[in-house]
Amino acid sequence: MSMYGRDPWGGPLEINTADSATDDDRSRNLQVFDRAAMSRNLDETQQSWLLGPTEQKKKKYVDLGCIIVSRKIFKWTVGCILAAALLAGFITMIVKLAPRHKHHNPPPDNYTLALRKALMFFNAQKSGKLPKHNNVSWRGNSCLQDGKSDDSTMFKNLVGGYYDAGDAIKFNFPQSFALTMLSWSVIEYSAKYEAAGELNHVKDIIKWGTDYLLKTFNNSADTIDRIAAQVGKGDTSGGPEPNDHYCWVRPEDIDYDRPVTECHSCSDLAGEMSAALASASIVFKDNKAYSQKLAHGARTLFKFSRDQRGRYSVGNEAETLYNSTGYWDEFIWGAAWLYYATGNSSYLQLATTPGIAKHAGAFWGGPDYGVLSWDNKLTGAQVLLSRMRLFLSPGYPYEEILRTFHNQTSIIMCSYLPIFTSFNRTKGGLIQLNHGRPQPLQYVVNAAFLATLFSDYLAAADTPGWYCGPNFYSTDVLRKFAETQIDYILGKNPRKMSYVVGYSNHYPKRVHHRGASIPKNKVKYNCKAGWKWRDSSKANPNTIVGAMVAGPDKHDGFHDVRSNYNFTEPTLAGNAGLVAALVALSGDRDVGVDKNTLFSAVPPMFPTPPPPPAPWRP
């Protein structure tokens, strides 16, 4: 038996080094084997037997720590990000280096241009210590002793407010009407003021006036017994004492005493002042403290107007300058504004009392029926209350009188149309609302405002027009009436003259206005020395931009003469109506009235329905 063990498979365990095959034979055999092996496809296991361990394949995924993503997706993502960054940088470079073409807003329309100028007139009429941004170079501080120089009055601080016209008198009656009209226009058309860039300006104008009105009575009290109605004197008889009509001096040079006129029974004045403060309280509703102060003052004034009956102009010089023909219209006007400002239904009940409407002339015609002015606010009140019927429809017990006001408003709007003969027209097309009397434009602009406003009310109520008898007229007819009248004032008239100073190239150069007619040359002219400027035929050295003069005569004639105030004198009330009409017509026609702001304090007209009953349970 051999000393070596045997392989259990049948062979010896030792290596037989004496193999008969040489190395060359093995190499040839291996090559033969390789060719045979490669003649057919081998699976991975077979290849691993033949080839031995191979190089490890690259990972197909990328571990980002919080997530594992495919290497291919990762490469595509990074590549896209880099490409996008390069593209964005390229576009940015092109945008920055390319020549820029600025986008220009469309030019403002003629009404907007005229509006901006018309508001400047109020800056020129300011009394007291002027703000730095007043922007009227020839005006300065004036009449800083108003109230203090009159020992007979309890009102010692009456500095501020506005001069009425071409003189330096401050009449609270027309000034309050002007402020009410401005506030009304802001409440209805604040978006248009903002588009024109004049909203803050007009609010500053209103506040300058209401700040002054709050000084003319005890605004912290609930009950008062007097009001300061006027500052300054307008006597033209040539008496020994200088005054604001006899003298022709700049307001800055006034050194004479200015008397204060008080009234103790003046329902018309107090009612109009109440309307001014109440409407302004809506304008400034975002300033809660000031708005409440205005509303409280309006309530106090209206109570005084109801308790102390009488006309403010009886027995004083206002009877010849700004005479009031009655106070019933101010009761409706003031009560309507107070209702909108406070939501107190007692004011609405008063404004819709048929007896008061009858006394105000709502149920009879007359030559001046339908003419809104500083004296008669009935037409404005009718339009203002028609708004409530159109938008709120309050029903009983107000429906009957509101329907009457609405019908009366429709009739008034018909009277403005050329096809009706209530009012004549000049050959140039100017409606004669004051029947040929002097100073017609102040009435025309008020009518243009009401016509545009009422047409916008109808449009906001989805009503295409209104009836004049059996005939139906589109709201476009009303707007066309307003446009033709304002266009006439702006220069589309037989004389081709703009009656708004500073608008276009042809306008009155000799405006009846003391401050505008006397040069600011550091020379102080006394009472009579200024007459040479009044009587001069030269153009005014200072342009009172935006002032609407009194206007032409009934034959379209106009005399640019400083001494004739019936042609060339501007007024606060006239310019307020002009501003209101211009803003109503300006800008985008699709921007109508603000339906909600006027009703912001008005409570729901109907009681809140009760909550639904609880679900039934067995």
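Reading the values: rules and limits
Residues numbered from 1 in each chain as written. Predicted model: local features only at pLDDT ≥ 70, side-chain atom pairs only at ≥ 80, totals over all residues. Heavy atoms only, no water. Core = buried A, V, L, I, M, F, W, Y, C linked by side-chain atoms within 4.5 Å. Buried < 20%, exposed > 50% of the residue type's maximum accessible area, 1.4 Å probe, protein only. Helix = DSSP H or I, 4+ residues; strand = E, 2+ residues; numbered from the N terminus. Contact = heavy atoms within 4.5 Å. Pairing = 2+ DSSP bridges. Salt bridge = Lys/Arg side-chain N within 4 Å of Asp/Glu carboxyl O. Patch = residues over 30% accessible without salt bridge, like charges linked within 9 Å, V, L, I, M, F, W, Y side chains within 5 Å. Areas by Shrake-Rupley, 256 points an atom, 1.4 Å probe, with all protein chains shown as cover. Expected span 1.5 Å × (residues − 1). UniProt positions renumbered as here; feature names shortened; annotations may be inferred. Phe/Tyr/Trp six-rings, centres within 6.5 Å; stacked < 30°, edge-to-face > 60°. Lys NZ or Arg CZ within 6 Å of the ring centre and 35° of its normal. Axes fitted to C-alpha atoms, helices over the stretch in contact; angles between N-to-C directions. Parallel < 35°, antiparallel > 145°, perpendicular 65-115°, else oblique. Left-handed = near helix turned anticlockwise from the far one by under 90°. Nonpolar A, V, L, I, M, F, W, Y, C, P; charged D, E, K, R; others polar. Lys, Arg positive; Asp, Glu negative; His and termini not counted. Polar contact = N/O pair within 3.5 Å; in protein donor to acceptor, adjacent residues only side chain to side chain.

Where do I start with the nonpolar core in this structure?
Proteins that are soluble and globular tend to have nonpolar side chains buried together. Membership of the largest hydrophobic core comes to 161 residues, with the highest contact counts inside it found for Trp 184, Ile 227, Trp 337, Tyr 340, Tyr 416, Phe 449 and Ile 486. With 13 residues, helix H15 (residues 441-460) is the largest single contributor of residues to this core. With residues up to four places along the chain from it excluded, the contact list for Tyr 340 reads Ile 282, Leu 384, Leu 385, Met 388, Leu 598, Phe 599, Ala 601 and Val 602. Residues Cys 143, Val 249, Tyr 256 and Cys 527 belong to the second largest nonpolar core, which totals nine residues.

How do you make sense of the sheet that holds strand E5 (residues 260-263) when you look at a structure like this?
Within a sheet, each strand pairs with its neighbour through backbone hydrogen bonds, oriented either parallel or antiparallel. Spatial strand order, E3-E4-E5: three strands in an open sheet with antiparallel pairing. Edge strands, defined here as strands with exactly one partner in the open sheet, are strand E3 (170-171) and E5. Two strands pair when backbone bridges link them, and strand E4 (residues 227-231) and E5 are joined in this way by four bridges, in the antiparallel orientation. Following the sheet pairing, Ala 228 is matched in E5 by Glu 262.

I'm lost on the pairing of strand E7 (residues 471-474) in this one. Help?
Pairing of strand E6 (residues 465-468) with E7 involves four bridges; the strand directions are antiparallel. Each bridged residue has a counterpart across the sheet, and for Tyr 467 the counterpart in E7 is Phe 472.

Please clarify how the pattern of salt bridges should be interpreted in this entry.
Opposite charge on two side chains lets them pair, provided their charged atoms get close. Under the criterion given, the structure shown has 22 salt bridges. Lys 524 is the salt-bridge partner of Asp 255, the closest N and O atoms lying 3.3 Å from each other. Residue Asp 255 is located in the loop between E4 and E5, and its partner Lys 524 is located in the loop between helix H17 (514-517) and helix H18 (531-534); the two are separated by 269 residues in the primary sequence. Salt-bridge contacts for Asp 307 lead to Lys 303; the nearest nitrogen and oxygen are separated by 2.9 Å. Of the two residues, Asp 307 and Lys 303 both sit in helix H8 (residues 288-307), four residues apart, roughly one turn of that helix. Members of the salt-bridge network, linked through shared partners, are Asp 146, Lys 170, Asp 244 and Arg 258.

Just checking my understanding: could you explain a nonpolar patch on the surface for this structure?
Judged by side-chain polarity, Leu 87, Phe 90, Ile 91, Met 93, Ile 94 and Leu 97 come together as a nonpolar surface patch covering roughly 620 Å² of accessible area. Structurally, Phe 90 is set in helix H3 (residues 71-97). Phe 90 sits in the partly exposed class, given a relative accessible area of 45%.

Mind showing me how you'd approach helix H10 (residues 328-342) here?
Think of an α-helix as 3.6 residues a turn; residues three or four steps apart then line up on the same face. The first and last C-alpha atoms of H10 sit 21 Å apart over 15 residues, in line with the 21 Å expected at 1.5 Å per residue. Buried residues dominate H10, accounting for 13 of its 15 residues. Note on H10: the residue one or two positions beyond its end, Gly 343, has a positive phi of about 80 degrees.

What is the right way to read the UniProt feature "active site" (unreviewed entry) in the chain from this model?
Those places that UniProt annotates as "active site" (unreviewed entry) correspond, in this numbering, to His 512, Asp 560 and Glu 569. Maximum C-alpha separation among the annotated residues is 10.2 Å over a sequence range of 58 residues, consistent with a single clustered spot. Here His 512 lies in the loop between helix H16 (475-489) and H17. On the accessibility criterion, His 512 (9% relative accessible area) is buried. Relative to the helices and strands, Glu 569 resides in the loop between helix H19 (565-568) and helix H20 (572-585). Not counting chain neighbours up to four residues away, the residues in contact with Glu 569 comprise Ala 165, Gly 166, Asp 167, His 512, Met 548, Val 549 and Ala 550.

I'm lost on the packing of aromatic side chains in this one. Help?
When we look at a pair of aromatic rings, we describe it by the centre distance and by the angle of the planes. For the structure on display, the rule yields 29 aromatic pairs. Ring geometry for Phe 391 against Phe 599: centres 6.5 Å apart, planes inclined by 80 degrees, an arrangement best described as edge-to-face. You can see Phe 391 sitting in helix H13 (residues 378-391) and its partner Phe 599 sitting in the segment after H20, a full 208 residues away along the chain. For the pair Tyr 525 and Trp 533, a centre-to-centre distance of 5.7 Å together with 80 degrees between the ring planes defines the contact as edge-to-face. Taking relative accessible area as the criterion, Tyr 525 reaches 12% and is therefore assigned buried. Among the aromatic side chains, those forming a connected cluster through ring pairs are Trp 184, Trp 333, Trp 337, Tyr 339, Tyr 340, Phe 391, Phe 449, Tyr 457 and Phe 599. Sitting over the face of the ring of Tyr 290, Lys 207 holds its NZ or CZ atom 4.7 Å from the ring centroid. Just above the ring of Phe 599 sits the side chain of Arg 387; from NZ or CZ to the centre is 4.9 Å.

How should I be thinking about the packing of H13 against helix H14 (residues 399-415) in this particular structure?
Axes are the key here: two packed helices are described by the angle between their axes and the distance separating the axes. Two elements in contact, H13 and H14, have axes separated by 8 Å at closest approach and are oriented at 120 degrees. It follows that H13 is oblique to H14 by the angle criterion. The two elements H13 and H14 cross, and the hand of that crossing is left-handed. Between H13 and H14, the residues in contact are Thr 379, Gln 382, Val 383, Leu 385, Ser 386, Met 388, Arg 389 and Leu 390 and Glu 399, Leu 402, Arg 403, Phe 405, His 406, Gln 408, Thr 409, Ile 412 and Met 413, respectively. Of the residues belonging to the contact of H13 with H14, the class tally is eight nonpolar, six polar and three charged.

I'm lost on H8 in this one. Help?
Along its 20 residues, H8 runs 29 Å from first to last C-alpha, staying within 8% of the 28 Å computed at 1.5 Å per residue. Among the residues of H8, those classed as buried are Tyr 290, Ser 291, Leu 294, Ala 295, His 296, Gly 297, Ala 298, Thr 300, Leu 301, Phe 302, Phe 304 and Ser 305. In this structure, the buried residues of H8 make contact with helix H6 (199-213), E4, E5, helix H7 (267-283), H10 and helix H11 (345-351).

Would you take a moment to explain the packing of helix H5 (residues 172-195) against H10 for this structure?
Running from N to C, H5 and H10 cross one another at 40 degrees; their axes reach a closest spacing of 13 Å. Classified by the angle between their axes, H5 and H10 sit oblique to one another. By crossing handedness, the relation of H5 to H10 is classed as left-handed. The residues of H10 that touch H5, namely those facing Phe 173, Thr 180, Trp 184 and Ile 187, are Glu 330, Trp 333 and Trp 337. Taken together, the residues of the contact of H5 with H10 break down into five nonpolar, one polar and one charged.

I keep staring at the side chain of Asp 556 and nothing clicks. Help me out?
Structurally, Asp 556 is set in the loop between H18 and H19. Comment: no salt bridge for buried Asp 556; closest opposite-charge side chain is Lys 427, at 7.8 Å. A polar contact is formed between the side chain of Asp 556 and the side chain of Thr 426, at a distance of 2.7 Å. Here Gly 428 takes part through its backbone nitrogen, which lies 2.9 Å from a polar atom of the side chain of Asp 556.

Honestly, unusual backbone geometry in this entry has me stumped. Any pointers?
The amide bond that connects Tyr 396 to the next residue, Pro 397, takes the cis arrangement and shows omega of 5 degrees. Among the structural elements, Pro 397 can be located in the loop between H13 and H14. We note that Cys 143 has phi near 50 degrees; this positive angle belongs to a residue other than glycine. If you trace the backbone, Cys 143 turns up in the loop between helix H4 (110-124) and E3. Among the residues examined, Cys 143 registers a relative accessible area of 9% and is labelled buried. Phi angles above zero are rare outside glycine, and Lys 496 is one such case at about 55 degrees. With respect to the helices and strands, Lys 496 occurs in the loop between H16 and H17.

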